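Summary of the model geometry
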Amino acid sequence: MFKPTLMSARRRALKSSVAVGLSFATAAIATSLFASTSVHAQSYPTKPITLVVGFAAGGPTDIVARALAQSMTKTLGQAVAVDNKPGAGATIAGNLVAKAKPDGYTLFIHHNGMATAPALYRKLPFNPLTDYEYIGQAVDVPMTLIGRQDLPVKNFEELVAWIKANKAKVNLANAGLGAVSHLCGTLFQQTLATDLTTVPFNGTAPALTAWMGGHVDVLCDQTTQTIPHINAGKVKLFGVTTKSRIGALPNTPSLHEQGLKDFEVVVWHGVYAPKGTPKPVVDTLTAALQTALKDPEVVKRMKDLGAEITPVSKQTPDGLRTHLSAEIDKWGKVIRAAGQYAD
Ligand code: ASP
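Structural notes, computed from the coordinates. Small disclaimer: the values here were computed from a predicted structure and weren't measured.

Once that is clear, we can look at the overall build of the chain. From N to C terminus, the chain includes 12 helices and 10 strands. Taken over 343 residues, the chain has a buried fraction of 50%. Counting only contacts in the chain whose residues sit at least 6 apart along the sequence, the fraction spanning at least 24 positions is 80%. Put simply, the chain shows about 15,700 Å² of open surface, and 58% of that area lies on carbon and sulfur atoms.

Right, dumping it as structure tokens:
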């Protein structure tokens, strides 16, 4: 289980200072530390906050980030600006935030990829369990399996037959190694025991553009991005990746229901700050995140896009930390067993 080393060092320091008695100097340092922390808490934030997204603008992670950022801006009284730093399955962005000044002005939003990166990237330049403060978990999003509109198939059964007949001639897009579209696509290929040609992009927004142009055949992607295209009749929809159907697409069967037994991928999101961000700042951010997750505009937008607000008990630093640790264990075993690495 995750135990911050900083915390144990602090506890040891506290024990020994109690043993020798509080000297004047120690008391003075403690007083000034306390004073600077509370001043920080009272004045934060005094300038715009950057929320870094590891994928291209207009994609599903970006859509969730912008909805939260807009609401957090109202609560915090300072702009929360989304900054897209795509590449390498969001690990470039993760590293940038891990090394940023821990002052509450640079945050990171990421999905399941935070848990798969340590196993997938053996030279990962940051550690999701020790390099961040956790703000809270946010939104859960189902995925959809979609195809280009002119695919020569009418339904999922025909899609499977067409894929089995065409194998590597079929192009399957994803948003980079470690993206959830990559995980979903890998699981899909494993379940069908077929190798397709995977085409990585810097996010599923550019993947969708290529795919609209007919360069990509199939894509597994979050409903937050696909529902508008589905409703506009621009894509072929083959199923949802949750075990049961979802409210936003009640007539669409799940892949599990259509024969891919136990197939399930749900995307969860967390908000992170660099390690060492003062606790009062973390508390302010957690409160602003929780307010955003109750904001009727955010709730409606997420619901319309098939997403669900994470249960309140998980919208906390502990909730996110516990979930992330469990997911790292789970995916670490799966990825190491599969021997799939990004480097
Ligand atoms: N949907 C992407 C993924 O597969 C990320 C994105 O573009 O937001 O991880």
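If you look at the biggest cluster of nonpolar residues, it comprises 83 residues, and the most contacted ones within it are Leu51, Leu68, Leu145, Phe156, Leu159, Tyr272 and Leu285. With eight residues, strand β4 (residues 132–148) is the largest single contributor of residues to this core. Residues within four places of Leu51 in sequence aside, it is in contact with Ala65, Ala69, Val80, Ala81, Val82, Asp83, Leu107, Phe108, Ile109 and Val271. Ile146, Val216, Ile227 and Ile246 belong to the second-largest nonpolar core, a separate cluster that totals 14 residues.

Considering all chains together, one arrives at 14 salt bridges under this definition. Across the pair Lys279 and Asp283 runs a salt bridge, and its minimum N-O distance is 2.9 Å. Pair noted here: Lys279 and Asp283 are both in helix α10 (residues 279–292), with a separation of four residues, about one helical turn. Each of Arg148, Asp150 and Asp217 takes part in one network of salt bridges that share partners.

Turning to the packing of aromatic side chains, a few remarks are in order. In this description, an aromatic ring pair is defined by two values, namely the gap between the centres and the angle between the planes. Under the defined criterion, the tally for this structure stands at five aromatic pairs. Here Tyr134 and Tyr272 contribute two aromatic rings whose centre-to-centre distance is 5.8 Å and whose plane-to-plane angle is 70 degrees, an arrangement assigned as edge-to-face. Of the two residues, Tyr134 is situated in strand β4 and Tyr272 in strand β9 (residues 266–274); the sequence distance between them amounts to 138 residues. Like Tyr134, the residue Tyr272 is buried in the burial classification. Here the aromatic residues Phe108, Phe126, Tyr132, Tyr134 and Tyr272 are joined through ring pairs into a cluster of three or more. Above the face of the Tyr105 ring, Lys47 is positioned so that its terminal group lies 4.7 Å from the ring centre.

In the region of the ligand, the neighbouring residues are Phe55, Pro60, Thr61, His111, Ala175, Ala179, Val180, Ser181, Gly203, Thr204, Asp221 and Gln222. At 2.9 Å, a backbone N or O of Val180 approaches an oxygen atom of the ligand. At a separation of 2.7 Å, a nitrogen atom of the ligand approaches a polar side-chain atom of Gln222. Protein chains bury 100% of the 270 Å² of accessible surface belonging to the ligand in isolation. Contributing elements (two or more residues each) for the shell around the ligand: α3 (60–76), α7 (180–192) and β7 (218–222).

Our next topic: the side chain of Thr224. Checked against the element boundaries, Thr224 lands in helix α9 (residues 223–231). With relative accessibility at 2%, the residue Thr224 sits in the buried group. Discounting residues that sit within four places of it in the chain, Thr224 has contacts with Pro60, Ile63, Val64, Val141, Leu305 and Ala307.

Among the residues of helix α11 (residues 296–304), the N-terminal cap falls to Asp295, whose side-chain oxygen and the backbone nitrogen of Glu297 are separated by 2.9 Å. Downstream of α11 by a residue or two, Gly306 has a phi angle that is positive, lying close to 85 degrees.

In this section: the packing of α3 against α10. Put simply, α3 and α10 touch, their axes get as near as 9 Å, and they point 120 degrees apart. Relative to α10, the element α3 lies oblique. The crossing of α3 and α10 is right-handed. Side by side, α3 and α10 meet where Leu68, Ser71, Met72, Thr75 and Leu76 of the first sit next to Thr284, Leu285, Ala288, Leu289, Thr291 and Ala292 of the second. Here the residues of the contact of α3 with α10 are counted per class, giving seven nonpolar, four polar and no charged.

Moving on to the environment of Thr144. Along the chain, Thr144 turns up in strand β4. In terms of polar contacts, Thr144 uses its side chain to reach the side chain of Thr226, at 2.8 Å.

Counting buried residues in β9 gives eight out of nine residues, a clear majority hidden from the surface. Here strand β3 (residues 106–110) runs beside β9; their pairing, made up of three bridges, is antiparallel. Across the sheet, the residue bridging to His110 is Gly270, located in β9.

About the criteria used
- Residues numbered from 1 in each chain as written.
- Predicted model: local features only at pLDDT ≥ 70, side-chain atom pairs only at ≥ 80, totals over all residues.
- Heavy atoms only, no water.
- Helix = DSSP H or I, 4+ residues; strand = E, 2+ residues; numbered from the N terminus.
- Buried < 20%, exposed > 50% of the residue type's maximum accessible area, 1.4 Å probe, protein only.
- Contact = heavy atoms within 4.5 Å.
- Areas by Shrake-Rupley, 256 points an atom, 1.4 Å probe, with all protein chains shown as cover.
- Core = buried A, V, L, I, M, F, W, Y, C linked by side-chain atoms within 4.5 Å.
- Salt bridge = Lys/Arg side-chain N within 4 Å of Asp/Glu carboxyl O.
- Phe/Tyr/Trp six-rings, centres within 6.5 Å; stacked < 30°, edge-to-face > 60°.
- Lys NZ or Arg CZ within 6 Å of the ring centre and 35° of its normal.
- Near = heavy atom within 4 Å.
- Polar contact = N/O pair within 3.5 Å; in protein donor to acceptor, adjacent residues only side chain to side chain.
- Axes fitted to C-alpha atoms, helices over the stretch in contact; angles between N-to-C directions.
- Parallel < 35°, antiparallel > 145°, perpendicular 65-115°, else oblique.
- Left-handed = near helix turned anticlockwise from the far one by under 90°.
- Nonpolar A, V, L, I, M, F, W, Y, C, P; charged D, E, K, R; others polar.
- Pairing = 2+ DSSP bridges.

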